[in-house]
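The residues making up each chain are set out below.
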Amino acid sequence: MKYIRFEADGRKLYGILEGNSVRAIKGEPFQKPLSFTGEEYGYNDIKLLPPVPFSKAVCIGLNYRDHAEEFGLPIPETPVVFLKPSTSAAAHSENIIYPPICHRLDYEAELAVVIGKKAKNVKEEDAADYILGYTIANDVTARDLQPKNGQWTIAKGFDTFMPLGPYISDEVDPSSLMIASRVNGETKQMSNTSNLIFKIPFLVSYLSSVMTLLPGDIISTGTPGGISGMNKGDIVEIEIEGLGVLRNTIA
Ligand code: MG
């Protein structure tokens, strides 16, 4: 299924995307079995929201070998982990705001895991039971601010720095998906999620041994090599096989 969150008739709703039509669901997609409100909308008539209002986005740094190498950094032995605030979320098609204090704004194409139920001390072999599905993330980064702070919270925590979407799918096998980014149509990153250093079952297990993961929380799995800057007016697209294209404009 493909889950979306959207605004229609002044309400915020979750829905199931089927072709060009959206069936509204009652409550949240974490409650199974799903029940439907009976309302149906055209995909072109709704305003998309970020697919989940997460409580935390747990992000993995340097999780592709070539990205660590482009910074001249060693391959990490344990995951490099940081958090993005809930207020950094942005929807597909929403503008990414270029902060005035930033002088180098980068995209980072990432596969994002969406947690489906409360997870604490989950074993690797059980990780799949705790996942609602997968979506695309753009881990937008104020690169010039990153080395100035010992932590990455400032460089990665601005409002609109976590575009997600357009939808969450439970129909893909995340272990081998083409992942790419484009700026104004020009390909910048091109890799495959099979190149992840720390794999998704390990990440769910490891992170849930530290913090309780709640329904809707995001694990963003890291970006491949090929990062570079963006300018105001640029259109950035992240594409992942089976998950569509996440498109945003820099404003
Ligand atoms: Mg990243």
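The model shown is predicted, which means the values in this text are computed figures rather than measured ones.

Colleague: How should the pairing of strand β15 (residues 186-192) be read in this particular structure?
Modeller: One face of the sheet, then the other: side chains in a regular strand alternate in exactly this way. Bridging between strand β14 (residues 178-183) and β15 involves six bridges; their strand directions are antiparallel. Its bridge partner lying in β15, Ile 179 is registered against Ser 191.

Colleague: Would you mind going over the pattern of salt bridges with me for this structure?
Modeller: As a working rule, side chains carrying opposite charge can pair if their charged atoms are close by. Counted under the stated rule, the structure contains 14 salt bridges. With a closest N to O distance of 3.0 Å, Glu 239 and Arg 182 form a salt bridge. Taken as a pair, Glu 239 in strand β18 (residues 235-240) and Arg 182 in strand β14 lie far apart in primary sequence, 57 residues in all. Since its relative accessible area comes to 18%, Arg 182 is described here as buried. Put simply, Glu 237 and Arg 247 hold a salt bridge, and the shortest N to O gap is 2.7 Å. Separated by 10 residues along the polypeptide, Glu 237 in strand β18 and Arg 247 in strand β19 (residues 244-249) bring together distant segments of the chain. The buried category is assigned to Glu 237, whose relative accessible area is 12%. Taking the relative accessible area as the measure of exposure, Arg 247 reaches 35% and is therefore partly exposed. One salt-bridge network, held together by shared partners, links Lys 84, Arg 104, Asp 106, Glu 108, Asp 139, Arg 143 and Lys 156.

Analysis parameters
- Within each chain, residues carry numbers counting from 1 in the order of the written sequence.
- Since the coordinates come from a predicted model, pLDDT governs what is reported: local features require at least 70, and pairs of side-chain atoms require 80 or more to be given and counted, while whole-chain, interface and lining totals use all residues.
- For the side-chain quantities, the full set of heavy atoms in the structure was used; hydrogens and water were omitted.
- By this definition, two strands are paired if DSSP reports at least two bridges between them.
- Starting at the N terminus, helices and strands are each numbered in turn, a helix being any DSSP run of H or I of at least four residues and a strand any DSSP run of E of at least two.
- By salt bridge we mean one thing: a side-chain nitrogen of Lys or Arg within 4 Å of a carboxyl oxygen of Asp or Glu.
- Think of it in three bands: residues with accessible area under 20% of the maximum for their type are buried, residues over 50% are exposed, and the middle band is partly exposed, with areas taken using a 1.4 Å probe on protein chains only.

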